[in-house]
Structure formats: structure tokens, C-alpha cells
Amino acid sequence: MHAGHATDYLHILVVKVVRACNLRCKYCYYINDDTRDYGSSMTVETVTALYERYRDYLSALGRQGAIVWHGGEPLMLGRRRFGAFMELQSETGLAPFIHNKLQTNALLIDDAWIDFLRRHDIGIGVSIDTDRSAHDANRVTPTGEGTYDQTVEALGRLRRAGVSTGVLSVADGVSDGRLAISSLRALGVSSADILLPMTNNARQRNPETAIDLEGLPEFLVDAFRAWVKGDDPSMRVRLFSSMILQAFGRRTTFLGTGGADMSSLAVIETDGTLCMDTEYSQLERFGIAEGYNTGLNVNDTDFSFARAEKLIKRFVAKVGGDRLPTDCQNCEVARLCGGGHPGSRYDDADHSHDHRSAHCKALYRLGRETLSYLNDPHPYL
Ligand code: SF4
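Keep in mind that this is a model prediction, so the values were computed, not measured.

A.B. asks: Summarise the site of the ligand; cite the residues concerned and give the values.
C.D. replies: Within the structure, the ligand sits among Cys328, Cys331, Val333, Ala334, Cys337, Gly339, Arg356, Ser357, Cys360 and Tyr364. In terms of residue class, the shell around the ligand is made up of seven nonpolar, two polar and one charged.

Next up, the structure:
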């Protein structure tokens with residue numbers, strides 16, 4: 001079974017426009033002691049090649065795509081260069097085929113940036129962790145100070161300017177799930193992505209790289225109960241709503257519940273290299289497995305997204321990203337959990353992805369709680 005969305009083309013490109021950040025988040029897979037070429041940014045030549053090739057691909061298909069500007073911190077590119085990259089979308093003829101989104105830590109957001117983002121119709125996602133203590137423990141400046149207050153201030157600025165903003169939070173499993181939901185609700189956001197910490201079975205088995213997942217099941221169950229309490233639909237939490245939709249056999253686009261088709265997304269690194277979903281970057285970072293870098297680059301003379309699509313589909317089929325792991329086949333919450341993110345299933349004991357997710361315990365508890373709620377919602381309200 002696969003609950004995936006039958007998207008049959010590359011419709012999301014995550015563009016790593018700058019390899020630098022004004023924060024040093026403790027769980028960051030990208031900016032850390034191992035970051036190569038720190039401070040580099042995408043050149044006009046690479047952006048032009050990317051645009052022209054994506055334009056050719058989308059126009060041949062007659063389909064729409066999205067560019068998600070990512071880093072590091074993408075606003076560190078500066079408004080002048082970012083503005084030139086946006087103008088280039090019209091000049092290369094890509095503009096009618098795409099919409100733009102941006103994922104930011106929001107520390108640089110001011111009125112001039114808000115004006116810029118509105119002028120170019122760029123959708124915004126702000127990274128903020130589930131509550132003040134979780135955020136300040138993890139999302140710190142290079143000198144170690146927490147940044148919750150600045151992030152909340154930026155969110156308020158965006159809200160007052162009428163800019164619709166989603167938030168992205170990493171669940172640390174240490175915080176209180178009820179507090180997480182009340183804190184996120186208090187920010188007035190309409191949509192929150194709660195992401196499970198990036199890991200896999202190989203990383204968890206090694207004491208030097210394992211992360212503490214003990215508190216995650218309880219965190220998720222408490223957060224879910226707080227989310228459904230009062231039947232308040234004002235804030236969507238994609239992890240929870242995806243599980244509910246998948247329980248009813250509906251398709252979703254959430255990779256964390258195996259819902260999205262992994263071959264619909266590619267990462268474009270700062271030097272133009274085409275890569276798999278970022279979950280695979282940490283497999284390479286810890287020397288566990290290869291697979292992040294496809295070996296293709298948008299600057300190659302023979303590069304095309306049609307070729308990239310074929311290669312990515314082959315990789316996804318090889319790692320079982322298009323199906324449930326064998327051990328999950330008879331699980332009572334498999335429809336809801338989807339086997340978790342394919343990257344989280346990897347184990348280096350047999351170099352295979354055909355395993356339960358490293359998040360299995362947490363996903364199972366959340367899946368059971370979701371089924372219990374769907375079976376009889378009254379005790380939850
Ligand atoms: S809860 Fe565990 S066993 Fe069940 S589908 Fe998810 S990863 Fe597989």
C-alpha cells in the first residue's frame with residue numbers, strides 16, 4: 001500500500017540559494033561544523049540555467065511548479081540580489097509556470113522585506129519551535145542566545161501586514177505537547193508543520209549519532225489531544241490532518257506520513273547540483289549511505305529535468321519510497337503512518353530501507369490515538 005499522491009512530475013524545487021545562516025540551530029542538517037563552502041551563494045549563471053531548464057520542462061508538460069527558496073537563511077542573499085533573481089524569472093519566461101515560496105528564520109524580516117515579499121507574491125514559512133523553551137534551547141545565534149522573542153516579533157509584523165504565514169516547528173520530544181499547541185495557537189498562525197527530528201535506524205543504533213526520541217510518543221499524543229480539543233479549526237497541523245485524511249483513504253502531500261510522492265521533489269544545491277530530499281543529506285553527512293547527490297547539475301550541457309525525473313523515480317523505486325516496508329504491512333496504523341518518511345527507514349545493517357521508520361514508536365502511538373479519536377471524538381472535546 002502507498003498513500004502517496006500520484007504526482008507524476010517534479011513540481012517542487014527546493015533551491016539552496018545560500019550556504020550561510022545567522023543562526024546555529026542545534027539539529028540543523030545543513031549549517032554545522034561540516035558545512036562545505038560556507039558563505040557561498042548561487043550565481044546568476046546557475047540561476048539562469050535552472051530557470052531555463054525548468055521552464056522547458058514545465059512548458060513541455062503544460063504544468064505548474066513551485067520554487068521554494070531555502071538555505072541556510074535565504075534572506076541573507078540580500079534584497080538586491082534576490083530582486084535580480086526574481087526579475088530573471090520574467091526574463092527567462094519561467095514566471096508564468098511557477099509560484100515562489102520562502103522558508104526563513106525571520107530574523108531579518110523588516111518592513112522592506114515584507115514589501116519585497118508581497119511585491120513578488122512569495123509565500124512565507126517561518127521556522128519557530130513549538131514553545132519558548134524548545135525554541136531557545138535549539139534555535140540559537142552563533143554566540144548561543146535564544147531567538148524566540150525576535151521570531152515572535154517578526155511573525156507579529158507579518159500578521160499585522162496581512163501576510164499569510166505558515167510555521168514550521170521541529171518536535172524535540174522534550175517539551176510538553178499541550179504547551180506546544182497552545183503556544184502555536186497564541187501566535188495566530190493558520191498552519192503549522194510539526195516535523196519529527198531527522199534521523200534513521202542506522203543513526204539511532206550508533207550512540208555517537210543517536211538522538212533522544214524517548215519523549216516523542218507522549219509529546220505527539222498530548223499535542224494531538226490539545227489540537228482536537230474544542231474542535232477549533234483555526235490552526236491546521238499537517239502531521240495530524242494528514243493522518244486523519246489517510247485514515248479515510250485520502251491522498252496527502254506529507255512525506256512524514258509517507259503521503260507524498262518523493263519523486264515530485266528535488267533539491268537544487270547552491271552550485272546547481274540536483275539532489276534528493278534533504279532527509280538523504282544527513283545519510284551522507286554521517287557517512288551512513290549515499291543517495292543525496294544524484295550526480296546531475298543544472299549547469300551540465302546535457303542536463304534536463306526530464307532526465308532528472310527519470311533518475312529520481314528510479315532512486316525512489318530502489319529505496320522503496322513508493323511502497324510500505326515489509327514489517328509495516330500488517331500494522332494496524334499503516335494507512336495513517338504510511339511507514340513514515342522513507343529516509344527514516346534506512347538501516348546500514350543490511351543497507352536497506354525496507355524497515356520500520358526510526359520514528360515507528362511515536363508514529364504508532366499517534367496513529368492509535370488518531371484512530372481512537374475518529375472512533376469516538378466525544379471524550380476528546
Ligand atoms: S507505526 Fe511503525 S510499523 Fe506501523 S506503519 Fe508506521 S513505521 Fe510501520
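A.B. asks: Residue-level account of a nonpolar patch on the surface, with values.
C.D. replies: A contiguous nonpolar surface patch, about 260 Å² in accessible area, is contributed by Tyr38, Met76 and Leu108. By the element assignment, methionine 76 lies in the loop between strand E2 (65-70) and helix H2 (79-91).

A.B. asks: Go over the packing of aromatic side chains, please, and point to the residues and values.
C.D. replies: Ring pairs (aromatic) are described by centroid distance and by the angle formed between their planes. Per the stated rule, a full pass over the model turns up 13 aromatic pairs. Centroid distance tryptophan 113 to phenylalanine 116: 5.2 Å. Interplanar angle 80°. Geometry classified as edge-to-face. Here tryptophan 113 and its partner phenylalanine 116 are both found in helix H3 (residues 111-119), three residues apart, which amounts to about one turn of the helix. On the accessibility criterion, tryptophan 113 (4% relative accessible area) is buried. Between phenylalanine 224 and tyrosine 373, the aromatic rings sit 5.6 Å apart at their centres with planes inclined by 80°, giving edge-to-face as the arrangement. Note that phenylalanine 224 is positioned in helix H8 (residues 216-228) and tyrosine 373 in helix H13 (residues 360-375), a separation of 149 residues in sequence. You'll find phenylalanine 224 and tyrosine 373 in the same group, each marked buried. Grouping aromatic residues by their ring pairs yields a cluster made of Phe224, Trp227, Phe240, Tyr373 and Tyr380. One Lys or Arg, arginine 79, reaches over the ring of tryptophan 113 and ends 5.2 Å from the middle of that ring.

A.B. asks: Outline the state of the cysteines, listing residues and values.
C.D. replies: Tallying each qualifying case throughout the model produces zero disulfides. Looking at cysteine 28, it has no disulfide partner, and the nearest cysteine sulfur is the one in cysteine 25, 6.2 Å off.

A.B. asks: How would you sum up the pairing of strand E1 (residues 12-16)? Please name residues and give values.
C.D. replies: Counting buried positions along E1 yields four of five residues, so the element is predominantly enclosed. Of the strand pairs in this sheet, E1 and E2 are connected by five bridges, and their pairing is parallel. By the bridge assignment, lysine 16 is partnered in E2 with histidine 70. In the sheet, E1 pairs with strand E8 (residues 265-268) via four bridges, with the strands oriented parallel. Paired with isoleucine 12 across the bridge in E8 is leucine 265.

A.B. asks: Please provide a residue-by-residue account of unusual backbone geometry, values included.
C.D. replies: A cis amide bond, omega 15°, links glycine 71 with the succeeding residue glycine 72. In this fold, glycine 72 is placed in the loop between E2 and H2. Non-glycine residue aspartate 121 carries a positive phi angle of around 50°. If you trace the backbone, aspartate 121 turns up in the loop between H3 and strand E4 (122-127).

A.B. asks: For the nonpolar core, give the residues involved together with the corresponding values.
C.D. replies: The nonpolar side chains of a soluble globular protein tend to be buried, and buried together. One finds Trp69 and Phe305 to be the most contacted residues of the largest nonpolar core, which totals 100 residues. Top element by residues in this core is H8. It accounts for eight residues. Formed by seven residues, the second largest nonpolar core is a distinct cluster that contains Cys21, Cys28, Tyr29 and Tyr30.

A.B. asks: Report on H3, specifying residues and quantitative values.
C.D. replies: Within H3, the full set of buried residues consists of Trp113, Ile114, Phe116 and Leu117. For H3, the angular spread of buried residues about the axis comes to 160°, placing them on one side. Looking at H3, the residues exposed on the side facing more than 90 degrees away from the buried face are Asp111 and Arg119. Against H2, strand E3 (98-104), E4 and helix H5 (148-160) lie the buried residues of H3. Its side-chain oxygen placed 3.2 Å from the backbone nitrogen of alanine 112, aspartate 110 serves as the N-cap of H3.

A.B. asks: Explain the sheet that holds E2 to me, and be specific about the residues and the numbers.
C.D. replies: On the basis of which strands lie adjacent, the open sheet formed by 10 strands has the order E7-E6-E5-E4-E3-E2-E1-E8-E9-E10 and mixed pairing. This sheet does not close on itself; its edge strands, each paired only once, are strand E7 (236-237) and strand E10 (293-297). Taken together, the two bridges between strand E6 (residues 191-195) and E7 define a ladder with parallel strand orientation. By the bridge assignment, serine 191 is partnered in E7 with arginine 236. Each of E1, E2, E3 and E8 touches helix H1 (residues 44-61); the most contacted strand, E2, lies at about 155° to it.

A.B. asks: Pulling in residues and values, what's your account of the packing of H1 against helix H11 (residues 305-318)?
C.D. replies: Remark: H1 packs on H11, axes separated minimally by 9 Å, with the N-to-C direction vectors making an angle of 80°. Between H1 and H11, the interaxial angle falls into the category roughly perpendicular. Across the interface between the two elements, Leu50, Arg53, Tyr54 and Tyr57 of H1 pack against Phe305, Ala306 and Glu309 of H11. Looking at side-chain class alone, the contact of H1 with H11 contains five nonpolar, no polar and two charged residues.

A.B. asks: If you had to explain the pattern of salt bridges to someone new, which residues and values would you point to?
C.D. replies: A complete count under the given rule lists 20 salt bridges for this structure. A salt bridge links aspartate 110 to arginine 79, with the nearest nitrogen and oxygen atoms 3.8 Å apart. With a gap of 31 residues between them, aspartate 110 in the loop between E3 and H3 and arginine 79 in helix H2 connect regions that are remote in the sequence. A relative accessible area of 33% means that arginine 79 is categorised as partly exposed. A salt bridge links glutamate 332 to arginine 368, with the nearest nitrogen and oxygen atoms 3.6 Å apart. With glutamate 332 in the loop between H11 and helix H12 (334-337) and arginine 368 in helix H13, this pair connects stretches of sequence that are 36 residues apart. We classify glutamate 332 as partly exposed; its relative accessible area is 48%. By relative accessible area, which is 42% here, arginine 368 ends up partly exposed. Members of the salt-bridge network, linked through shared partners, are Asp111, Glu153 and Arg157.

Scoring rules and cut-offs
Residues numbered from 1 in each chain as written. Predicted model: local features only at pLDDT ≥ 70, side-chain atom pairs only at ≥ 80, totals over all residues. Heavy atoms only, no water. Near = heavy atom within 4 Å. Nonpolar A, V, L, I, M, F, W, Y, C, P; charged D, E, K, R; others polar. Patch = residues over 30% accessible without salt bridge, like charges linked within 9 Å, V, L, I, M, F, W, Y side chains within 5 Å. Areas by Shrake-Rupley, 256 points an atom, 1.4 Å probe, with all protein chains shown as cover. Salt bridge = Lys/Arg side-chain N within 4 Å of Asp/Glu carboxyl O. Helix = DSSP H or I, 4+ residues; strand = E, 2+ residues; numbered from the N terminus. Phe/Tyr/Trp six-rings, centres within 6.5 Å; stacked < 30°, edge-to-face > 60°. Buried < 20%, exposed > 50% of the residue type's maximum accessible area, 1.4 Å probe, protein only. Lys NZ or Arg CZ within 6 Å of the ring centre and 35° of its normal. Disulfide = S-S within 2.5 Å. Pairing = 2+ DSSP bridges. Core = buried A, V, L, I, M, F, W, Y, C linked by side-chain atoms within 4.5 Å. Arc of directions from axis to C-beta. Contact = heavy atoms within 4.5 Å. Polar contact = N/O pair within 3.5 Å; in protein donor to acceptor, adjacent residues only side chain to side chain. Axes fitted to C-alpha atoms, helices over the stretch in contact; angles between N-to-C directions. Parallel < 35°, antiparallel > 145°, perpendicular 65-115°, else oblique.

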